[in-house]
Amino acid sequence: MLSLLVLEGNAVADRRRIAETAGAMPAESYAAVLRSLAPRAAVDIATPADASLTLPQPLDAYDGIAITGSALNIHQRKVEALRQIDLVREIFVRGLPMFGSCWGLQLATVAAGGEVGPNSAGREVGFARRITLTPEGRAHPMHVGRAAMFDAPAIHSDTVTRLPQSATVTAWNAMCEVQAAEIRFGLGLFWGVQYHPEYRLHDVATVIRRYGQILVDEGFFADLDALARYAADLSALDADERRGDLAWKFALHRDILSHDCRQTELRNWIASLEQT
């Protein structure tokens, strides 16, 4: 039986705010997805942004560690982020397999000696379009089952600006040169994506509602009413994926509408742990 640990990327105020709108903090939602992919796995949660972090078990008790997204920005160098970088560096040194979504990829990059900063192309909102596997990505076990080009749920304003020497880019798109990567550092192996394979459409809608006026000010929506309609339609499609009218409206296909497709990288990571 696998023993997994999910690291919550958010500081306490942000995870409480997210839980109020989403019904759970990101690590709880992430853990639920991992349990659905590995029903016999034991999945713990930890909050490494906190000064009072106590792990449920010693790190070496885990077969794999997953890292959620976060509202933090590494380039701001807040202590809540620095604590997480230190922990991820320790996990690398111990040789424990990791997987990270969005913030998780950024944490692993910096922990291994790379850099993260604001995306010069701007914020990527809702869905990362036309993600393209590199030649290395097409051969990588993280992406088994993916088409050469696909879409995925995403929302981020930061991106990897300099890879560590030990990294291999496995996917990119026009908005982000590093949409997925493998990072080897110390004894550890990390698989990570800038997008969110763990997100349902309703999760995307919830994030858009939470950002609210920020997305209006940045020009993604004409006003808050337009944003609310967009989010409501996403939630409606999440509730009934047979709504072809809404799938057409958002130009969404099997890579996002199918749970099996959307969660490809997480499923492959779980499979790699089970084979170890």
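Below: a short report on this structure. (Residues numbered from 1 in each chain as written. Predicted model: local features only at pLDDT ≥ 70, side-chain atom pairs only at ≥ 80, totals over all residues. Heavy atoms only, no water.)

This structure, assessed with the given rule, holds 15 salt bridges. For R184, the salt bridge goes to E182, with nearest N and O atoms at 2.9 Å. Given a relative accessible area of 10%, E182 falls into the buried group. Through salt bridges with shared partners, one network takes in D60, E90 and R94. (Salt bridge = Lys/Arg side-chain N within 4 Å of Asp/Glu carboxyl O. Buried < 20%, exposed > 50% of the residue type's maximum accessible area, 1.4 Å probe, protein only.)

Okay, empty space enclosed by the protein next. Applying the stated criterion to the full structure yields one cavity of 30 Å³ or more. Reported here for the largest cavity is a volume of approximately 40 Å³. Lining the largest cavity are G126, A154, I155, Y199, V204, V207 and I208. Secondary-structure elements contributing two or more residues to the lining of the largest cavity are β7 (149-156) and α6 (201-211). At three residues, the largest contribution of residues to the lining of the largest cavity is made by α6. By residue class, the composition of the lining of the largest cavity is six nonpolar, one polar and no charged. (1 Å grid on protein atoms, 1.4 Å probe; cavity = no way out; pocket = protein on both sides within 12 Å on 5 of 7 lines; lining within 4 Å. Points joined across faces, edges and corners; volume = space filled by probe spheres on them. Helix = DSSP H or I, 4+ residues; strand = E, 2+ residues; numbered from the N terminus. Nonpolar A, V, L, I, M, F, W, Y, C, P; charged D, E, K, R; others polar.)

Our next topic: helix α3 (residues 79-94). For α3, spanning 16 residues, the distance from its first C-alpha to its last is 23 Å, which sits close to the expected 22 Å at 1.5 Å a residue. Listed in full, the buried residues belonging to α3 are A81, Q84, I85, L87, V88, I91 and F92. Taken around the axis of α3, the buried residues stretch over an arc of 170°, which confines them to a single face. Two residues or fewer after α3 comes G95, characterised by a positive phi angle close to 80°. (Expected span 1.5 Å × (residues − 1). Arc of directions from axis to C-beta.)

Here A181 shows up in strand β10 (residues 176-185). Separated by 110 residues in sequence, A181 and A71 have C-alpha atoms that sit 21 Å apart. Non-local contacts of A181, meaning those with residues more than four positions away in its chain, are made with L105, M142, T168, V169, T170, F190, W191 and G192. (Contact = heavy atoms within 4.5 Å.)

The geometry of an aromatic ring pair is captured by the separation of the ring centres together with the interplanar angle, meaning the angle of the planes. For the structure on display, the rule yields five aromatic pairs. Between F92 and F185, the ring centres sit 5.5 Å apart and the planes meet at 80°, which makes this aromatic pair edge-to-face. Note that F92 is positioned in helix α3 and F185 in strand β10, a separation of 93 residues in sequence. Here the aromatic rings of F150 and Y195 are separated by 5.8 Å at their centres, their planes lie at 75°, and the arrangement is edge-to-face. Within this pair, whereas F150 is found in strand β7, its partner Y195 is found in the loop between β11 (188-193) and α6, the two being separated by 45 residues in sequence. Judged by its relative accessible area of 0%, Y195 is buried. In this structure, R146 packs its charged tip against the face of F150, placed 4.1 Å from the ring centre. (Phe/Tyr/Trp six-rings, centres within 6.5 Å; stacked < 30°, edge-to-face > 60°. Lys NZ or Arg CZ within 6 Å of the ring centre and 35° of its normal.)

Within the secondary structure, N10 is located in the loop between β1 (3-7) and α1 (12-22). For N10, a relative accessible area of 1% puts it in the buried group. Once residues lying within four places of it in the same chain are set aside, the contact partners of N10 are R15, I18, P26, A49, G69, S70 and A71. Within the local environment of N10, its side chain forms a polar contact with the side chain of E8, the two groups lying 2.8 Å apart. (Polar contact = N/O pair within 3.5 Å; in protein donor to acceptor, adjacent residues only side chain to side chain.)

Let us look at the pairing of strand β9 (residues 167-173). For β9, the buried fraction is high: five of the seven residues fall into the buried class. Alignment of strand β6 (residues 124-133) against β9, held across two bridges, turns out to be antiparallel. Paired with T132 across the bridge in β9 is W172. Here five bridges tie β9 to β10, and the two strands are oriented antiparallel to one another. Each residue of the ladder has a partner; that of N173, found in β10, is C176. Taking the residues between adjacent antiparallel strands as the criterion, β9 and β10 are bridged by two residues. (Pairing = 2+ DSSP bridges.)

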